[in-house]
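Residue-level listing of the chains:
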Amino acid sequence: MSQLSLYLQVIFYVFAGINHFRMERFYLKMMPDYLPWHKQIVFWTGIAEIALGIGLLFSPIRNIAAWGIILLLLAIFPANIDMILSQKFNKIPKWILWIRLPFQVILILWAYSFT
């Protein structure tokens, strides 16, 4: 993949991770009720996104970082489904919530391109 694609992905995940701290209440709201330790999960997924994004910059660990991103995206997929089913997100148009599902597949393929 191109350097531009790599740097865009790094920026995407670093900013996504930072958003876990800037918009913590929104991310806490996204947490499915059946999961415990919401605050800790939001914190550690934010740290993981930042670390894995930065990890893509280093060729010796790029493969591990890309697989970590893929695993993280798979782990948060149920939360995206829960957002669609939940009444907590009535102010967000349903089509936006639905479009996140195939977008997540695109993100997985994008990360896979660096494995």
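That block above? That's the structure.
The present account deals with the structure reproduced in this document. Keep in mind the model is a prediction, meaning the values are calculated, not measured.

Focus: unusual backbone geometry
The phi torsion at Trp37 lies on the positive side, around 55 degrees, for a residue other than glycine. Structurally, Trp37 can be placed in the loop between helix 2 (24-30) and helix 3 (38-55). Exposure remark for Trp37: the relative accessible area of 62% places this residue in the exposed category.

What about the layout of surface pockets?
If you add up the space inside the largest pocket, you get close to 600 Å³. Looking at the lining of the largest pocket, the elements with two or more residues in it are helix 1 (3-22), helix 2, helix 3, helix 4 (62-85) and helix 5 (94-112). With seven residues, the single largest contributor to the lining of the largest pocket is helix 4. Classifying every residue of the lining of the largest pocket gives 21 nonpolar, five polar and two charged.

Some words on the side chain of Gln104
With respect to the secondary-structure elements, Gln104 resides in helix 5. Leave out the neighbours within four places in its chain, and Gln104 touches Leu73, Ile76, Phe77 and Asn80.

A few points about helix 1
The end-to-end C-alpha separation of helix 1 is 28 Å, in line with the 28 Å expected for 20 residues at 1.5 Å each. Within helix 1, burial applies to Ser5, Leu6, Gln9, Val10, Tyr13, Val14, Ala16, Gly17 and His20. Seen end-on, helix 1 carries its buried residues on one side only, within an arc spanning 160 degrees. Residues of helix 1 that are exposed and angled more than 90 degrees away from the buried face: Leu4, Phe15 and Arg22. Check the buried side of helix 1 and you find it contacts helix 2, helix 3, helix 4 and helix 5.

Some points on the nonpolar core
Core analysis: the largest hydrophobic core is formed by 16 residues, its most contacted members being Tyr13, Leu52, Leu56, Ile69, Leu73 and Phe114. Counting only elements with at least two residues in this core, the list comes to helix 1, helix 4 and helix 5. For this core, the element with the most residues is helix 4, which contributes six residues. Beyond its immediate sequence surroundings of up to four residues, Tyr13 is in contact with Glu49, Ile50, Gly53, Ile69, Leu73 and Leu107.

As for the pattern of salt bridges
Applying the stated rule across the entire model yields two salt bridges. For Glu24, the salt bridge is made with Lys39, and the minimal N-O distance between the two is 3.1 Å. You can see Glu24 sitting in helix 2 and its partner Lys39 sitting in helix 3, a full 15 residues away along the chain. Residue Glu24 is classed as partly exposed on the basis of its relative accessible area of 26%. A salt bridge links Lys88 to Asp33, with the nearest nitrogen and oxygen atoms 3.7 Å apart. Taken together, the residues Lys88 in the loop between helix 4 and helix 5 and Asp33 in the loop between helix 2 and helix 3 connect sequence positions 55 residues apart. The class of Lys88 is partly exposed, set by a relative accessible area of 30%.

Analysis parameters
- Residues numbered from 1 in each chain as written.
- Predicted model: local features only at pLDDT ≥ 70, side-chain atom pairs only at ≥ 80, totals over all residues.
- Heavy atoms only, no water.
- Helix = DSSP H or I, 4+ residues; strand = E, 2+ residues; numbered from the N terminus.
- Buried < 20%, exposed > 50% of the residue type's maximum accessible area, 1.4 Å probe, protein only.
- 1 Å grid on protein atoms, 1.4 Å probe; cavity = no way out; pocket = protein on both sides within 12 Å on 5 of 7 lines; lining within 4 Å.
- Points joined across faces, edges and corners; volume = space filled by probe spheres on them.
- Nonpolar A, V, L, I, M, F, W, Y, C, P; charged D, E, K, R; others polar.
- Contact = heavy atoms within 4.5 Å.
- Expected span 1.5 Å × (residues − 1).
- Arc of directions from axis to C-beta.
- Core = buried A, V, L, I, M, F, W, Y, C linked by side-chain atoms within 4.5 Å.
- Salt bridge = Lys/Arg side-chain N within 4 Å of Asp/Glu carboxyl O.

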